[in-house]
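# Inside the fold
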Amino acid sequence: MAQLNDTADGSRKSAVGPRHVDVAVIGAGAAGLVAALVFARDGYRVLLAGSVKAARDGRTVALLDGSVSLLKRIGAWDAVAPHAAPLATMRIIDDKGSLVRPPPVAFDSAEIGLPAFGYNVENADLVEALAECARQAGPDLTFPGTDVVSVVDEGPLCRLNLGDGEVVTASLVVAADGRRSPAREATGIATREWSYPQVAVTLILTHRLPHRDTSTEFHTREGAFTLVPLPSRPEAAHRSSLVWMMAPERADRIAALDDSAMARAVEDRAHSLLGAMAVEGNRGSVPMGGLSVRSYAAGRIALVGEAAHVFPPIGAQGLNLGLRDIAALRDAVVDQADPGDRAALASYDRGRRLDVGLRTRGVDLLNRSLLSGFLPVDVARGIGLSLLDRIGPLRRAVMRSGLAADEPTTPSLMRRADAA
Ligand SMILES: Cc1cc2nc3c(=O)[nH]c(=O)nc-3n(C[C@H](O)[C@H](O)[C@H](O)COP(=O)(O)OP(=O)(O)OC[C@H]3O[C@@H](n4cnc5c(N)ncnc54)[C@H](O)[C@@H]3O)c2cc1C
């Protein structure tokens, strides 16, 4: 029998052979942390490989209703909630200056019986809160803070070499190692990548007027300019985050502005909707592109989060979709004796193709329609927004589909507690 030695982090290392876990999660970003907590909650022995290094660069994530339900079920919401602000109204304002100017459209969560569509939280706060939950999850979740150097699918098991020299075997590997995913590369799963002539500038602002739990997405010729509520702080009553998509040349010019010139530029672009502004903390910028995969699983390795899909931040779909990957993966394997069961992973793969494919195409179409200067495209968008403004049932259907909550295909952990 293998001899096991206790280590400082509570994990156990075998003196004569590799330690075995049911599930190894690679990557300690938001997706990996949630995946580890989900599988540990079901009683699996979980290894979470990776270190916590979320930059404070103004990036926030709007977690929609299903994601909040998931965080509540894994006991993480109480740690995240103090950093999050509710999104009760989402407003779209066409600011393209085109001949056909549709009216602003507002989506109110009360129309579909919800107090909020979701909650906006700074990505670094989310990751740090989830990491603390992972550290306190108990002996079944080990989180040594080391990266994976290599992963090999050997058929009956996967073998992982960790940065600290330990070798671990796992029945299921969850690759949550981001857009460049070394684990995905190890599987040989083919990808398709594309880019947009845009950069997303991210920052946090304090402002004079209250946001009233409302996000505002201005549609401009260079993409979306979206202000999203954040919670107040003792030193700043009114705070919001901004994702400003713009042409790369403008992003270069904007990067050179000092904070007060930047705040004025934002206030102008927002038509002083929230009054005078000031920049809080560091800014970020991300070149816009997309990535899709040929398959969501290969052998015993399943892809989740940005390892499986990347697209521009419109409609708050990215991480929400990543969390849906995790909840769907859990539903696919939870009743199997072997969590890396091939048939279960094939079923996960089939389920994700439709959901991720639809959202990737939807976001791509909307983003390209903003960039297009072609009048018929403007007219079609204008008609679409006018219909949404006027037809209540259509608006409610769009809101429900944006949330993807409580549909027959919604994974069980993402259903609202009152609907579960
Ligand atoms: C401007 C902007 C705004 C956005 N807004 C929203 C929003 O409002 N709502 C929303 O849902 N989504 C939003 N998104 C998308 C969201 O931010 C991403 O989907 C999410 O952060 C991806 O998380 P992840 O854990 O999959 O990947 P990552 O955060 O990239 O994490 C991957 C982790 O894996 C680690 N890693 C890599 N290789 C290894 C290895 N060998 N061993 C161990 N660890 C490894 C990395 O160090 C990293 O920590 C936005 C994105 C952008 C750019």
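Scroll up to find the structure this text is about.
Residues numbered from 1 in each chain as written. Predicted model: local features only at pLDDT ≥ 70, side-chain atom pairs only at ≥ 80, totals over all residues.

## A closer look at the overall build of the chain
Helices and strands together make up the secondary structure of the chain, namely 11 helices and 21 strands. Over its C-alpha trace the chain gives a radius of gyration of 22 Å, about what one expects of a compact globule, namely 22 Å for 420 residues. Seen along its three principal axes, the alpha-carbon backbone of the chain occupies a region of about 75 × 45 × 40 Å. Counting the 420 residues in the chain, one finds 47% classified as buried. Taking all contacts inside the chain whose residues are at least 6 apart in sequence as the whole, residues at least 24 apart take part in 73%. (Helix = DSSP H or I, 4+ residues; strand = E, 2+ residues; numbered from the N terminus. Rg over C-alpha atoms; globule rule 2.2 N^0.38 Å. Buried ≥ 20, exposed ≤ 12 C-beta atoms within 10 Å, placed from the backbone. Contact = placed C-beta atoms within 7 Å.)

## What to know about unusual backbone geometry
A positive phi is found at Arg212, a non-glycine position, where the angle reads about 50°. In this structure, Arg212 sits in the loop between strand 14 (191-207) and strand 15 (214-220). Here the phi dihedral of His271 falls at roughly 50°; this positive angle occurs in a residue that is not glycine. Along the chain, the position of His271 falls in the loop between helix 7 (259-269) and strand 18 (277-293).

## As for the pairing of strand 14
In this structure, strand 14 lies alongside strand 18, joined through 13 bridges in antiparallel fashion. For Val201, the partnering residue across the bridge sits in strand 18 and is Ser285. By the bridge criterion, 8 bridges tie strand 14 to strand 17 (residues 239-246) in an arrangement that is antiparallel. Note that in strand 17 the partner of Ile204 across the bridge is Ser241. (Pairing = 2+ DSSP bridges.)

## Observations concerning the sheet that holds strand 17
Sheet architecture is open: 8 strands sit in the order 8-7-15-16-17-14-18-21, paired in mixed fashion. Of all strands in the sheet, those bounded by a partner on one side alone are strand 8 (105-108) and strand 21 (309-310). Of the strand pairs in this sheet, strand 18 and strand 21 are connected by 2 bridges, and their pairing is antiparallel. By the bridge assignment, Leu291 is partnered in strand 21 with Val310. Its contacts with the sheet place helix 9 (residues 342-371) against strand 14, strand 15, strand 16 (223-230), strand 18 and strand 21, and it is angled at close to 115° to strand 16. (Axes fitted to C-alpha atoms, helices over the stretch in contact; angles between N-to-C directions.)

## A closer look at the nonpolar core
One finds Ala24, Val174, Ala302 and Val304 to be the most contacted residues of the largest nonpolar core, which totals 124 residues. No other element matches helix 1 (residues 30-41), which puts 10 residues into this core. The contacts of Ala24, once residues within four sequence positions are left out, are Leu47, Ala49, Cys158, Leu160, Val168, Ala170 and Val173. (Core = buried A, V, L, I, M, F, W, Y, C linked by C-beta atoms within 7 Å.)

## Topic: the site of the ligand
Neighbouring residues of the ligand: 32 residues in total, closest Gly27, Gly29, Gly178, Gly305 and Gly318. When residues of the shell around the ligand are traced back to their parent elements, those giving at least two are helix 1, strand 5 (60-64), strand 14 and helix 8 (318-333). Counting residues per element, the shell around the ligand draws most heavily on helix 8, at 4 residues. Counted by class, the shell around the ligand contains 16 nonpolar, 12 polar and 4 charged residues. (Near = placed C-beta within 6 Å. Nonpolar A, V, L, I, M, F, W, Y, C, P; charged D, E, K, R; others polar.)

## Observations concerning the environment of Ile326
Structurally, Ile326 can be placed in helix 8. Accessibility expressed as a C-beta count within 10 Å gives 28 for Ile326, which makes it buried. Ignoring sequence-local partners within four residues, the contact set of Ile326 consists of Ala31, Val34, Ala35, Val38 and Val304.

## So, the pairing of strand 3 (residues 19-26)
Within strand 3, 7 of the 8 residues are buried, which leaves the element mostly enclosed by the surrounding structure. Where strand 3 lies against strand 13 (residues 167-175), 7 bridges are found, and the strand directions are parallel. Counterpart to His20 in the pairing with strand 13 is Thr169. In terms of strand pairing, strand 3 meets strand 4 (residues 46-49) through 4 bridges, oriented parallel. Each residue of the ladder has a partner; that of Val23, found in strand 4, is Val46.

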